[in-house]
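Secondary and tertiary structure notes
Next come the chains, spelled out residue by residue.
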Amino acid sequence: MTFDADLPKPHHRARGFQNNYTEFKTKSLSELLRWRRQAARAGLPRPPLVPTPRMTPDLEWLHANARAGTRMAPAVTWIGHATVLAQVGGLTVLTDPMFSQRASPVQFAGPKRHVPPGIALSDLPHVDLVLISHNHYDHLDTGSVAALNQQAGGPPLFVVPLGLASWMAAHGIAHAVELDWWDRHPVPTPHGEVEVTLVPAQHWSSRSPRDALATLWGGFAVLAPDCHLFFAGDTGYSRDFGDIRRHFEDRQSAARGGGFDIALIPIGAYAPRWFMREQHVDVEEALQIHADLGVKRSLGIHWGTFELTDESLDEPPRRLAALRSERGLPDDSFFVLPIGGTRTIAPREKA
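What counts as what
- Residues numbered from 1 in each chain as written.
- Predicted model: local features only at pLDDT ≥ 70, side-chain atom pairs only at ≥ 80, totals over all residues.
- Heavy atoms only, no water.
- Pairing = 2+ DSSP bridges.
- Helix = DSSP H or I, 4+ residues; strand = E, 2+ residues; numbered from the N terminus.
- Contact = heavy atoms within 4.5 Å.
- Axes fitted to C-alpha atoms, helices over the stretch in contact; angles between N-to-C directions.
- Buried < 20%, exposed > 50% of the residue type's maximum accessible area, 1.4 Å probe, protein only.
- Salt bridge = Lys/Arg side-chain N within 4 Å of Asp/Glu carboxyl O.
- Core = buried A, V, L, I, M, F, W, Y, C linked by side-chain atoms within 4.5 Å.
- Parallel < 35°, antiparallel > 145°, perpendicular 65-115°, else oblique.
- Left-handed = near helix turned anticlockwise from the far one by under 90°.
- Nonpolar A, V, L, I, M, F, W, Y, C, P; charged D, E, K, R; others polar.
- Polar contact = N/O pair within 3.5 Å; in protein donor to acceptor, adjacent residues only side chain to side chain.
- Phe/Tyr/Trp six-rings, centres within 6.5 Å; stacked < 30°, edge-to-face > 60°.

Pairing is mixed in the open sheet, where seven strands are placed in the order 9-10-11-12-13-14-15. Among the strands making up the open sheet, the edge pair consists of strand 9 (184-187) and strand 15 (334-335). Packing of helix 7 (residues 283-293) onto the sheet brings it into contact with strand 12 (227-231), strand 13 (262-266), strand 14 (298-301) and strand 15, and relative to strand 13 it is tilted by some 150°.

If you want it as structure tokens, here you go:
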């Protein structure tokens, strides 16, 4: 882990952390009740027109790819919500693992999963690296990380934002690295180093009514020899994404293979905008992040699994398809997958 301790860190505050460009203030009880009353009067969210698409994962291929070493094909598999199995640089990586039935501190109440995980925990290939973007219950799930910590063959490395290593330790997870924004952590592999960087996002954190903003949040840049992957985590739209592109531009010049090969960008949980704008992007803003980063391909995540907000579960991909068509973008420039579906990525060309 490396960082320059002499640089000022305006996102550090006396009682925790804050965003770079928009000060986040937790919503009041009256605002929450206003949202719920408005949604109830309007009958929102409405039932989806079609179920969230699913397919049977190719477990044989995924396990073989995990064992392939230098012959690993870069690939991403959508498990559901913000959980993606990424295979890059000889590593099997899992983002924000969420396999429980409810996104909640308890399993008898709270948002319920509408679609089973695309791959069961017991069917995963051995996971080498877990990236946790922040501590909200739909992104940091106690049962899921505990199970991964006990996987056969040894625990993965958990990479987490500042303040979460102690939470991990309290839950028996010792193999964890804590990062601030722009900190880098090299992950050595027999096939070359993979560099993981925590990057800014516009969001917030909380596990209880009394700990808002006490731990950091963020996204991740994973730079492997064969693939540069970006994971946005949970985020509102901000100028952070232009900053991220500039931060990596020397590593992503045309001569060195160009920008991120694949970005995992949320497209759901955005309505109503007056309540969600500062913390969750809508589809238009997700497309703007895609443009700001200068990525080659993006996968839309964070939709279709948990009914968290007022839009229908199937609205985000329909909106994405309409906007792609309006803007003349190729279908595979910013795509979605069925839960359990895999997309391979062309290996990065070496300069």
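Positionally, Q151 belongs in the loop between helix 3 (142-149) and strand 7 (157-161). Judged by relative accessible area, Q151 falls into the buried class, the value being 15%. Setting aside chain neighbours within four positions, we find Q151 in contact with P125, H126, V127 and P156.

It is worth spelling out the pattern of salt bridges at this point. The final tally for this structure, using the stated rule, is 15 salt bridges. In this structure, the salt-bridge partner of K9 is D180, at a minimum N-O distance of 3.5 Å. With K9 in the segment before strand 1 (12-13) and D180 in the loop between strand 8 (176-179) and strand 9, the pair connects residues that are 171 residues apart, well separated along the chain. Classification of K9 by relative accessible area gives partly exposed; the value is 23%. D332 serves as the salt-bridge partner of R297, at 3.6 Å between the closest nitrogen and oxygen. Of this pair, R297 sits in the loop between helix 7 and strand 14 while D332 sits in the loop between helix 8 (315-327) and strand 15, placing them 35 residues apart in sequence. R297 sits in the partly exposed class, given a relative accessible area of 34%.

We now examine the nonpolar core. Among the nonpolar cores identified, the biggest contains 67 residues, and V76, F230, I262, L264 and L299 are the most heavily contacted of them. Those residues in contact with V76 that sit more than four places away from it in its chain are V84, L85, A86, L229, I262, L264, L299, L337, G341, T342, R343 and I345. Counting residues in each nonpolar core, the second largest holds 19 residues, with L85, L94, L148 and I173 among its members.

Turning our attention to the packing of helix 5 (residues 240-247) against helix 7. Interhelical geometry of helix 5 versus helix 7 gives an angle of 25° and a closest axis separation of 8 Å. Regarding the angle of helix 5 to helix 7, the classification is roughly parallel. Considering the relative orientation of helix 5 and helix 7, their crossing is right-handed. Where helix 5 approaches helix 7, its residues F241, G242, I244 and R245 are matched on the opposing element by I289, A291, D292 and L293. A class-by-class count of the residues in the contact of helix 5 with helix 7 yields five nonpolar, one polar and two charged.

In contact at an axis separation of 9 Å, helix 7 and helix 8 are set at 55° when each is read in the N-to-C sense. Viewed along their axes, helix 7 and helix 8 adopt a mutual orientation that is oblique. Remark: the crossing between helix 7 and helix 8 carries right-handed chirality. Across the interface between the two elements, V283, E284 and L287 of helix 7 pack against P316, R319, L320, L323 and R327 of helix 8.

With that settled, the discussion passes to the environment of H139. Examined against the element boundaries, H139 turns out to sit in the loop between strand 6 (129-131) and helix 3. Taking the C-alpha atoms as reference, H139 lies 21 Å from R54; in sequence the two are 85 residues apart. Those residues in contact with H139 that lie beyond four places of it in its chain are H81, A82, D96, P97, I132, S133, H134, D234 and H302. A polar contact is formed between the side chain of H139 and the side chain of D96, at a distance of 2.6 Å. A polar contact of 3.3 Å, which involves the side chain of H139, links it to the side chain of H302.

This next bit is on the packing of aromatic side chains. The full count for this structure, using the stated rule, is nine aromatic pairs. For the pair W181 and W217, a centre-to-centre distance of 6.3 Å together with 80° between the ring planes defines the contact as edge-to-face. In this pair, W181 is assigned in the loop between strand 8 and strand 9 and W217 in the loop between strand 10 (194-199) and strand 11 (219-224), connecting sequence segments 36 residues apart. On the numbers, 6.4 Å between centres and 20° between planes, the contact of Y237 with F241 is stacked. For Y237, a relative accessible area of 30% puts it in the partly exposed group.

Such coordinate-based values are descriptive only and should not be taken to indicate function.
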